[in-house]
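# Breakdown of the fold
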Amino acid sequence: MGEELKINPLRKFLRKEKLPHFFCAGCGCGQVLNYYTQALDALNMDPEKMLHIGGVGCTARIPIYLKTDMFHGVHGRTLAWATGVKMTQPDLPVVIFAGDGDLVSIGGNHMIQSCRRNLDVTVVMVNNMNFAMTGGQVAPTTPEESVTMTTPYGSGEPRFDVCRLAMAAGASHVERWTTAQPVQCKLAMERALQHKGFSLIEIVSQCPTHYGRYALKTGDPVKVMNYIQSNTYAKEQSERMTDEEKEGKLPLGMFICEEKPVYAGTNMAF
Amino acid sequence: MAVYIDKELCKSCSMCVSLCPKNVFEITHAVNKKGYNYAAAPRQEECIKCKKCEKMCPDFAIYVE
């Protein structure tokens, strides 16, 4: 063609030498990274003055591609680290990227306690409905009757509703969206970055490589995305829907956003 | 030229092909350094600049001017 290639300006937030990234073709984690950089760009925030934490899993690889200071390592202990960082540097913005395996299966107790304390962090949880990095095993967030690698006759367990858990535990800002909604995801991340207190953004994401292959028998990311869209509904519609229509589906939207005292080592005034 | 594709970052997920409302993209038979058949935008004059592809590309490969 001979013309100069113009690159996406949002790549100024990314480490050039790390691209192309490690995620599979059509993975939702790459899209979440894209939405997050859009939110950073809209808020004019500098990721070099923030801390990003990732545990273990596909989603936890997201901060590796950002030009930022980051922790990466212990499975499920992202919020324990964030608590320690917030004790010593309360003004440092901390953003956590964690998958469903990281946050609600092995790190479930850390999440509940951090919600209860209302720790001032932003958690972006990418829910791809299985343990994708280890080969597509059944996870607490796998929908009922889904075929996965370890449940060849279908999962017999009901799934976890993470947003309801976080609300019950006392989180002050909880939202759920899907990767098929770029604008809503970006605006939710902007609200979460500006919110003072524990913000949980759950993004239901497609995993064409494992969940698509085992449960839906397709490797097309758009088909998996359509499956997710047909199994979710906007929470504003819930009054107009019957219980049968809502069965097995997840509501989407902003569930709670309120001001609460933030944990800073102790909430008692000395 | 309005749609730029960084062929070395494309992973041939064909999300842009399926999501574009004006059918601007298609997957080529050419291969990039990583071995993927990258996407190209042969029908750029139809582009309405909704930027859906740019916002949703998982690989930061697309830029719409």
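Residues numbered from 1 in each chain as written. Chains lettered and ligands numbered in written order. Predicted model: local features only at pLDDT ≥ 70, side-chain atom pairs only at ≥ 80, totals over all residues. Heavy atoms only, no water.

### Concerning the overall build of chain B
Looking only at helices and strands, one finds 2 helices and 4 strands in chain B. In chain B, the succession of helices and strands from N to C terminus is β-α-β-β-α-β. Over its C-alpha atoms chain B spans a radius of gyration of 11 Å, differing by no more than 12% from the 11 Å that the globule rule assigns to 65 residues. Taking the principal axes of its C-alpha atoms as reference, chain B extends roughly 30 × 20 × 20 Å. A burial count over chain B gives 49% of its 65 residues as buried. Within chain B, contacts between residues separated by at least 24 positions form 51% of all contacts whose residues are at least 6 apart in sequence. Carbon and sulfur atoms make up 49% of the accessible area of chain B, which totals about 3,200 Å². (Helix = DSSP H or I, 4+ residues; strand = E, 2+ residues; numbered from the N terminus. Rg over C-alpha atoms; globule rule 2.2 N^0.38 Å. Buried < 20%, exposed > 50% of the residue type's maximum accessible area, 1.4 Å probe, protein only. Contact = heavy atoms within 4.5 Å. Areas by Shrake-Rupley, 256 points an atom, 1.4 Å probe, with all protein chains shown as cover.)

### Let's talk about the interface of chain A and chain B
Contact residues are listed per partner, giving 35 residues for chain A and 21 residues for chain B. In total, chain A and chain B occlude about 2,300 Å² of area from one another, counting both sides; carbon and sulfur atoms represent 65% of this. The largest per-residue losses of area from chain A upon contact with chain B belong to A:Lys6, A:Asn8 and A:Pro20, which jointly make up 22% of the total buried on that side. For the interface between chain A and chain B, the tally reads 2 salt bridges. For A:Arg11, the salt bridge identified is with B:Asp6, shortest N-O distance 3.1 Å. Taken together, the residues of the side of chain A that touches chain B break down into 21 nonpolar, 10 polar and 4 charged. (Buried area = accessible area lost by both parts, 1.4 Å probe. Salt bridge = Lys/Arg side-chain N within 4 Å of Asp/Glu carboxyl O. Nonpolar A, V, L, I, M, F, W, Y, C, P; charged D, E, K, R; others polar.)

### Here we look at the sheet that holds strand 7 (residues 232–234) of chain A
Residue and element names in this part refer to chain A. Strands sit in the order 2-1-3-4-6-5-8-7 across an open sheet of 8 strands; the sheet is mixed. In the strand order of this sheet, the two ends are held by strand 2 (69–72) and strand 7, each with one partner. Each strand of the sheet is rotated relative to its neighbour by a mean of 20°, with strand direction disregarded. Sheet analysis places strand 4 (residues 122–127) next to strand 6 (residues 199–204), joined by 6 bridges and oriented parallel. Note on strand 6: the bridge partner recorded for Val126 is Ile203. Against the sheet, helix 5 (residues 162–169) touches strand 4, strand 5 (173–178), strand 6 and strand 8 (250–257), its axis set at about 175° to strand 5. (Pairing = 2+ DSSP bridges. Axes fitted to C-alpha atoms, helices over the stretch in contact; angles between N-to-C directions.)

### Things to note about the confidence of the model for chain B
When pLDDT is averaged along chain B, the result is 90, and 98% of the positions lie at 70 or above. Of the two predicted TM-score estimates for the complex, the pTM is 0.93 and the ipTM is 0.94. (pLDDT = per-residue confidence, 0-100.)

### Focus on the packing of helix 1 (residues 28–43) of chain A against helix 6 (residues 182–194) of chain A
All names here are of chain A. It is the contact of helix 1 with helix 6, at a shortest axis distance of 8 Å, that shows an interaxial angle of 55°. Taken as axis vectors, helix 1 and helix 6 run oblique relative to one another. In this structure, helix 1 crosses over helix 6, and the sense of that crossing is right-handed. Here helix 1 contributes Val32, Tyr35, Tyr36, Gln38, Ala39, Leu40, Ala42 and Leu43 to the contact with helix 6, which in turn contributes Pro182, Cys185, Lys186, Met189, Glu190, Leu193 and Gln194. For the contact of helix 1 with helix 6, the residue count by class is 11 nonpolar, 2 polar and 2 charged. (Parallel < 35°, antiparallel > 145°, perpendicular 65-115°, else oblique. Left-handed = near helix turned anticlockwise from the far one by under 90°.)

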